[in-house]
Amino acid sequence: MADTMHLGKDELIARAKAEMQRQFDTPDWTLRERLALTCRILFDGGHDSGLAGQITARAPEPNRYYTQRLGLGFDEITAGNLLLVDEDLRVQEGGGMPNPANRFHSWIYRARPDVNCIIHTHPLHAASLSMLEVPLEVSHMDNCPLYGDVAFLKDWPGVPVGNEEGEIISAALGDKRAILLSHHGMLVAAGTVEEACVLALQFERAARMQLLAMAAGKIQPIPPALGHEAHDWILTPKRSQVGFSYYARRALRQHPDVLG
């Protein structure tokens, strides 16, 4: 005999969230391993553009973060070859040098104590959309983790190796989790590595969907209340962890060296 058919949507959502907490365990990966896995996941997800782009994660030590070594592609990153750098990009652990463009990450971390992972990449569809100088439009349920959570920087400030670009990009991001940078690419700033990884994948898919939809006609908006409801339902810590675990299993099959 069914006993939930009379329940309201809010109660059903609460029950589903509680059940997810009970059912799913989080793999015991270290921060370095999660960051390395993210590099491989994003490479497989179309975020490869040579040596462009940076992925960072705030380290336990104050004013330190992990990042990849300049000269290595995302498909070459392992837990063992990541660098630990300070705000001035001086290497504290590891060999080699970080990407000089990491400087604007330092500005975002300073402005946003809630951010623990930043992903900046130039994937094909997001970068193509950035050339049109139009914001990312979230008009499909799957993309709603980004609904109301994507900023837009219309004016390109140039290569982001100076403090000026750090100030501009961090200010344009504001309190959002993501931003589209005109003539440049995309950026995600999230509370966890898992959330950042899942949002970055979704950002590129949303950009691809937008370009396809724009080619066919006019994109129709979704009701704001429903967009925010979907954002909050999909973008929960447990769902991000479960989604990341799925992508990580795929990455481990393709890249068994990643945890080395």
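- Looking up the chain in an unreviewed UniProt entry gives the name Aldolase, with the organism given as Achromobacter ruhlandii.
- What UniProt records for the chain under Sequence similarities (unreviewed entry) is the sentence "Belongs to the aldolase class II family."

**Some remarks on the UniProt feature "domain: Class II aldolase/adducin N-terminal" (unreviewed entry) in the chain**
Point 1. Within this structure's numbering, the places UniProt gives as "domain: Class II aldolase/adducin N-terminal" (unreviewed entry) are residues 33-211.
Point 2. Segment residues 33-211 splits into 32% helix and 20% strand. End C-alpha atoms: 34 Å apart.

**Points about a negative patch on the surface**
Point 1. On the surface, a cluster of negative charge is contributed by Asp44, Asp48, Asp75 and Glu76.
Point 2. Along the polypeptide, Asp44 turns up in helix α2 (residues 31-44).

**Some points on the environment of Gly243**
Point 1. Turning to its location among the elements, Gly243 is positioned in helix α8 (residues 237-254).
Point 2. The class for Gly243 is buried, based on a relative accessible area of 19%.
Point 3. Put simply, Gly243 and Glu194 are 49 residues apart on the chain and 8.0 Å apart in space, counted from C-alpha to C-alpha.

**Side note on the sheet that holds strand β3 (residues 83-86)**
Point 1. The strand order across the open sheet formed by eight strands is β4-β3-β2-β1-β5-β8-β7-β6, and the pairing between neighbours is mixed. Sheet topology places β4 (91-93) and β6 (150-153) at the edges, where each strand pairs with a single neighbour. Taken pair by pair, the neighbouring strands of this sheet meet at an average axis angle of 25°, ignoring direction.
Point 2. Summarising the sheet, strand β5 (residues 117-121) and strand β8 (residues 185-190) pair through five bridges and their orientation is antiparallel.

**Here we look at the environment of Tyr109**
Point 1. Structurally, Tyr109 is set in helix α3 (residues 103-111).
Point 2. With a relative accessible area of 7%, Tyr109 lands in the buried category.
Point 3. Taking the C-alpha atoms as reference points, Tyr109 and Asp257, separated by 148 residues in sequence, lie 30 Å from one another.

**Here we look at the nonpolar core**
Point 1. If you look at the biggest cluster of nonpolar residues, it comprises 47 residues, and the most contacted ones within it are Leu136, Val188 and Phe203.
Point 2. No other element matches helix α6 (residues 193-216), which puts nine residues into this core.
Point 3. Judged by nonpolar contacts, the second largest core, of 17 residues, contains Tyr65, Ile118, Leu181 and Leu187.

**Re unusual backbone geometry**
Point 1. Despite not being glycine, Glu133 shows a phi value in the positive range, around 55°.
Point 2. In this structure, Glu133 sits in the loop between α4 (124-130) and β6.
Point 3. Notably, His183 is not glycine yet its phi reads approximately 55°, a positive angle.
Point 4. With respect to the helices and strands, the residue His183 is situated in the loop between β7 (178-181) and β8.

**A look at helix α5 (residues 163-173)**
Point 1. Listed in full, the buried residues belonging to α5 are Glu165, Gly166, Ile169, Ser170 and Leu173. The arc that holds the buried residues of α5, viewed along the axis, is 120°, so those residues lie on one side. Seen from the buried face of α5, the exposed residues on the opposite side, beyond 90 degrees, are Glu164 and Ala171.
Point 2. The secondary structure elements touched by the buried residues of α5 are α3, β6, β7 and β8.

About the criteria used
- Residues numbered from 1 in each chain as written.
- Predicted model: local features only at pLDDT ≥ 70, side-chain atom pairs only at ≥ 80, totals over all residues.
- Heavy atoms only, no water.
- UniProt positions renumbered as here; feature names shortened; annotations may be inferred.
- Helix = DSSP H or I, 4+ residues; strand = E, 2+ residues; numbered from the N terminus.
- Patch = residues over 30% accessible without salt bridge, like charges linked within 9 Å, V, L, I, M, F, W, Y side chains within 5 Å.
- Areas by Shrake-Rupley, 256 points an atom, 1.4 Å probe, with all protein chains shown as cover.
- Salt bridge = Lys/Arg side-chain N within 4 Å of Asp/Glu carboxyl O.
- Lys, Arg positive; Asp, Glu negative; His and termini not counted.
- Charge placed at Lys NZ, Arg CZ, Asp CG, Glu CD.
- Buried < 20%, exposed > 50% of the residue type's maximum accessible area, 1.4 Å probe, protein only.
- Pairing = 2+ DSSP bridges.
- Axes fitted to C-alpha atoms, helices over the stretch in contact; angles between N-to-C directions.
- Core = buried A, V, L, I, M, F, W, Y, C linked by side-chain atoms within 4.5 Å.
- Arc of directions from axis to C-beta.
- Contact = heavy atoms within 4.5 Å.

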